[in-house]
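Reading the structure
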Amino acid sequence: MSTLDTTSPVMVTGATGYVAGWLVKKLLEEGFTVHAAVRDPANKNKVQHLDAIAQTAPGTIRYFKADLLDNGSYAEAMAGCGVVFHTASPFIVEFSDPQTELVDPAKLGTRNVLEQANQTPSVERVVLTSSCAAIYGDNVDQEQTPEGVFTEEVWNTSSNLQHNPYAYSKTVAEKEAWAINEGQQRWQLVVINPSLVVGPGLNPHATSASFDLVRQLGDGTMKAGVPHWGMGAVDVRDLAEAHFRAAFNPDAKGRHIVSAHNTSFQAMAATLLDTYGNSYPLPRRTLPKWLLWLVGPLANKAFTRPLIARNVGYDWTADNRKSLRDLDMQYRSLSESMHDMFQQLIDSGQLKPAKK
Ligand code: NAP
């Protein structure tokens, strides 16, 4: 593809989401007509932040009702679009059936959206929001990588329905996307693999598990301490930029690790201590692995012993150079992302200062 059509409308699945919000904002500010595919266009709580942006931005937003599990439901939204951003997929920490609540919407939803792309002649490119979770399942997996770091060449082979089902859902969904892409010639697939996304939401009451995690740093859940658990992090605003460049840089291709920092849960919490440490019960200690192994599963059933054994005490390192080179990314500091998100949780009443 030598040039990409920047005049056609673009479609965004899951436009109500935390990650998609900043992408929709960017697209509207760049003057695009955005076809926002959402489950319930009438739910004002989910779309009013997008409407507010559209009121002053040069672009236009149009809503379409669609569900990942409803075959053919993206047809109307996709008609006439040059680029499809497929961001919708559940990122939730509480579920009772991982197959129906995580894997089916991720995998069958990807199939539904991409088979619709096969039937929509205007589509030139699909940008898929995958995850670093499609690259690794547990931190210990890093020891099995060719270079000792996570790269775009690596696939998650350690997750399944019982162990890390969210990571499993993202892995099977991305594989499904590549299989469908390889079955045709017209549209290109460009994949974004973000690490943990942090930073403020356009809707402060987002359902994304990113919010649960950062909220727990300030609500006392983790006041006794946090494990040494390596992870990557990227700001949601930078991630929107990465999606935009993946769509409109004609040379972008393949997977892209979009992760700004090789960090850890401890280090993320530590960025908040100077500003918020006196008023909020932020974790200050590192909990020993043996203690977590003993009591972790009793405190939280999702915190299983295999999860602790394979993640606690391990660093996390990913190679983000492809994103710097091919998407020309420049990443915000971790401190800026964490402060902006934590402050938003305070301002929106989701975090209250501890009583002295
Ligand atoms: P989010 O705010 O919860 O967004 C998820 C979106 O998916 C929502 O718009 C949701 O719609 C939609 N969705 C869920 N089930 C659906 C269904 N059956 N039919 C149609 N839409 C459905 O979470 P997020 O963090 O922004 O996640 C967005 C994407 O980024 C996901 O693909 C996720 O895997 C990926 N990602 C996130 C992170 C992270 O740290 N946040 C990291 C890596 C990758 P409703 O509003 O109707 O519920």
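Residues numbered from 1 in each chain as written. Predicted model: local features only at pLDDT ≥ 70, side-chain atom pairs only at ≥ 80, totals over all residues. Heavy atoms only, no water.

This part takes up the site of the ligand. Looking at the ligand, there are 26 residues lining it, with Thr16, Arg39, Tyr166, Lys170 and Ser208 nearest. Contacts to the ligand include Ser89, whose backbone N or O atom sits 3.3 Å from an oxygen atom. Within the complex, 93% of the 900 Å² of free accessible area of the ligand lies under protein. Of all the secondary structure elements, the ones that give two or more residues to the shell around the ligand are helix 1 (18-29), helix 5 (165-182) and strand 7 (196-198). Classifying every residue of the shell around the ligand by side-chain character gives 10 nonpolar, 12 polar and 4 charged. (Near = heavy atom within 4 Å. Polar contact = N/O pair within 3.5 Å; in protein donor to acceptor, adjacent residues only side chain to side chain. Areas by Shrake-Rupley, 256 points an atom, 1.4 Å probe, with all protein chains shown as cover. Helix = DSSP H or I, 4+ residues; strand = E, 2+ residues; numbered from the N terminus. Nonpolar A, V, L, I, M, F, W, Y, C, P; charged D, E, K, R; others polar.)

We now examine a nonpolar patch on the surface. Together, Trp290, Trp293, Leu294, Val295 and Leu298 make up an exposed nonpolar region whose accessible area comes to about 580 Å². With a relative accessible area of 40%, Trp293 lands in the partly exposed category. (Patch = residues over 30% accessible without salt bridge, like charges linked within 9 Å, V, L, I, M, F, W, Y side chains within 5 Å. Salt bridge = Lys/Arg side-chain N within 4 Å of Asp/Glu carboxyl O. Buried < 20%, exposed > 50% of the residue type's maximum accessible area, 1.4 Å probe, protein only.)

Here we come to the packing of aromatic side chains. The tally for this structure, following the rule as stated, stands at 12 aromatic pairs. Plain terms: the ring middles of Tyr18 and Phe211 are 4.9 Å apart, the flat faces sit at 85° to each other, and that makes the pair edge-to-face. Residue Tyr18 is located in helix 1, and its partner Phe211 is located in helix 6 (residues 209-218); the two are separated by 193 residues in the primary sequence. The burial state of Tyr18 is the same as that of Phe211; both residues are buried. With a centroid separation of 5.8 Å and an interplanar angle of 15°, the aromatic rings of Trp229 and Phe303 are classed as stacked. With Trp229 in the loop between strand 8 (226-227) and strand 9 (230-235) and Phe303 in the loop between helix 10 (289-299) and helix 11 (305-311), this pair connects stretches of sequence that are 74 residues apart. The cationic tip of Arg255 hangs over the ring face of Trp155; the distance from NZ or CZ to the ring centre is 3.7 Å. The lysine or arginine in question, Arg305, covers the ring of Trp293, its NZ or CZ lying 4.4 Å from the ring centre. (Phe/Tyr/Trp six-rings, centres within 6.5 Å; stacked < 30°, edge-to-face > 60°. Lys NZ or Arg CZ within 6 Å of the ring centre and 35° of its normal.)

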